[in-house]
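# Observations on the three-dimensional arrangement
One-letter residues, chain by chain:
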Amino acid sequence: MTKKIFIAFIALVMLPACIVAQDTLQKPLRFGYFSYEQVMKSIDYYAIARHGVDELRAQYAAEAKRSEEDFNTKYESFIEEQAGLAPNIRKKRQAELMDLMDRNTNFKKEAERLIKEAERSANDSLCTIIDAAAREIGAERGYAFIINTDNHNLPFVNPAQGEDISSALEAKLSKQ
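Criteria and thresholds
- Residues numbered from 1 in each chain as written.
- Predicted model: local features only at pLDDT ≥ 70, side-chain atom pairs only at ≥ 80, totals over all residues.
- Heavy atoms only, no water.
- Helix = DSSP H or I, 4+ residues; strand = E, 2+ residues; numbered from the N terminus.
- Buried < 20%, exposed > 50% of the residue type's maximum accessible area, 1.4 Å probe, protein only.
- Arc of directions from axis to C-beta.
- Contact = heavy atoms within 4.5 Å.
- Core = buried A, V, L, I, M, F, W, Y, C linked by side-chain atoms within 4.5 Å.
- Patch = residues over 30% accessible without salt bridge, like charges linked within 9 Å, V, L, I, M, F, W, Y side chains within 5 Å.
- Areas by Shrake-Rupley, 256 points an atom, 1.4 Å probe, with all protein chains shown as cover.
- Salt bridge = Lys/Arg side-chain N within 4 Å of Asp/Glu carboxyl O.
- Pairing = 2+ DSSP bridges.
- Axes fitted to C-alpha atoms, helices over the stretch in contact; angles between N-to-C directions.
- Left-handed = near helix turned anticlockwise from the far one by under 90°.
- Nonpolar A, V, L, I, M, F, W, Y, C, P; charged D, E, K, R; others polar.
- Parallel < 35°, antiparallel > 145°, perpendicular 65-115°, else oblique.

What follows covers unusual backbone geometry. The backbone of Asn-151 shows a phi angle near 60 degrees, a positive value even though the residue is not glycine. Take Asn-151: it is sitting in the loop between β2 (145-148) and β3 (162-164). Taking the relative accessible area as the measure of exposure, Asn-151 reaches 72% and is therefore exposed. A positive phi angle, near 55 degrees, is found at His-152, a position not held by glycine. Structurally, His-152 is set in the loop between β2 and β3.

Take a look at the structure:
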């Protein structure tokens, strides 16, 4: 008797889980996909961020050009005067020119690093905004996951299971 009650109890407990599993297996897995690059370029903040990075790049380029012109002027002066200079003075000026050239090279490298850092920071901010919007759309539409299609990461999508949410993201982000 207790054995029959135990079996009935197990059947009652397992029945809802089996029904849910059956239902889950019958529904196709739905997911969304989009291109970060495409969506990012459609956001108003993208143009503002690009403008800021471009201004920074222009400032560094102007300073590099000024430094290069300063070096060229000093180098030309040295070339004209070197024959009449005492050996110690000539060595001193050569060392000054080498130091100036090294500082200019280091400045250019540091400027490139800072520009890349500014670009990365701007892109990270944009990705955070896009990610939040993608999570909202994913929750609203009941997706299991959302995939980034950039860099040829998604060569095939079954349209019965996946949906391009680029337009929905662009629309959601344009309202913010």
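Before going further, it helps to spend a moment on helix α5 (residues 166-174). Turning to α5, its buried residues are Ser-166, Ala-168, Leu-169, Lys-172 and Leu-173. Angularly, the buried residues of α5 cover 160 degrees about the axis, an arc narrow enough to put them on a single face. Exposed side of α5, more than 90 degrees from the buried face: Ser-167 and Ser-174 are the residues found there. For α5, the elements touching its buried residues are β1 (31-34), α2 (36-42), α4 (87-141) and β3.

Glancing now at the nonpolar core. Formed by 16 residues in total, the largest nonpolar core has its most connected members in Phe-34, Val-39, Ile-130, Ile-137, Ile-165, Leu-169 and Leu-173. Mapped by element, the contributors of at least two residues to this core are α2, α4 and α5. With five residues, the single largest contributor to this core is α4. Other than its neighbours up to four places away in sequence, Val-39 contacts Phe-34, Ile-130, Ser-166, Leu-169, Glu-170 and Leu-173. With five residues, the next largest nonpolar core counts Phe-71, Phe-78, Leu-85 and Leu-97 among its residues.

Attention now goes to a nonpolar patch on the surface. Residues Tyr-45, Ile-48 and Ile-129 make up a contiguous nonpolar surface patch of about 270 Å² in total accessible area. Relative to the helices and strands, Tyr-45 is located in helix α3 (residues 44-81). On the accessibility criterion, Tyr-45 (35% relative accessible area) is partly exposed.

Attention shifts here to the sheet that holds β1. Sheets are built from strands that pair by backbone hydrogen bonding, the pairs being arranged parallel or antiparallel. Across the sheet, which stays open at both edges, the three strands sit in the order β2-β1-β3 with parallel pairing between neighbours. For this open sheet the edge positions go to β2 and β3, each flanked by a neighbour on one side alone. In this sheet, adjacent strand axes meet at a mean angle of 30 degrees when their direction is disregarded. As defined by bridge partners, β1 adjoins β2 across four bridges and the pair is classed as parallel. Its bridge partner being in β2, Phe-31 is matched across the sheet by Phe-145.

Looking now at the packing of α4 against α5. It is the contact of α4 with α5, at a shortest axis distance of 10 Å, that shows an interaxial angle of 115 degrees. As α4 packs across α5, the resulting crossing turns out to be right-handed. Contact residues: Ile-129, Ile-130, Ala-133, Ala-134, Glu-136, Ile-137, Glu-140 and Arg-141 in α4; Ala-168, Leu-169, Lys-172 and Leu-173 in α5. For the contact of α4 with α5, the residue count by class is eight nonpolar, no polar and four charged.

Next up on the list: the packing of α3 against α4. One can describe the packing of α3 onto α4 by two numbers: an axis separation of 10 Å at closest approach and a directional angle of 175 degrees. As the angle between them shows, α3 and α4 are arranged roughly antiparallel.

It is worth spelling out the pattern of salt bridges at this point. For the structure shown, the criterion picks out 17 salt bridges. Where Arg-30 meets Glu-163, a salt bridge forms, and the shortest distance between an N and an O atom there is 3.6 Å. Of this pair, Arg-30 sits in the loop between α1 (2-26) and β1 while Glu-163 is found in strand β3, placing the two residues 133 residues apart along the sequence. Linking Asp-99 and Arg-103 is a salt bridge whose minimum nitrogen-to-oxygen distance equals 3.2 Å. Residue Asp-99 and its partner Arg-103 are both found in helix α4; the two are separated by four residues, about one turn of the helix. Exposure remark for Asp-99: the relative accessible area of 40% places this residue in the partly exposed category. The class of Arg-103 is partly exposed, set by a relative accessible area of 48%.

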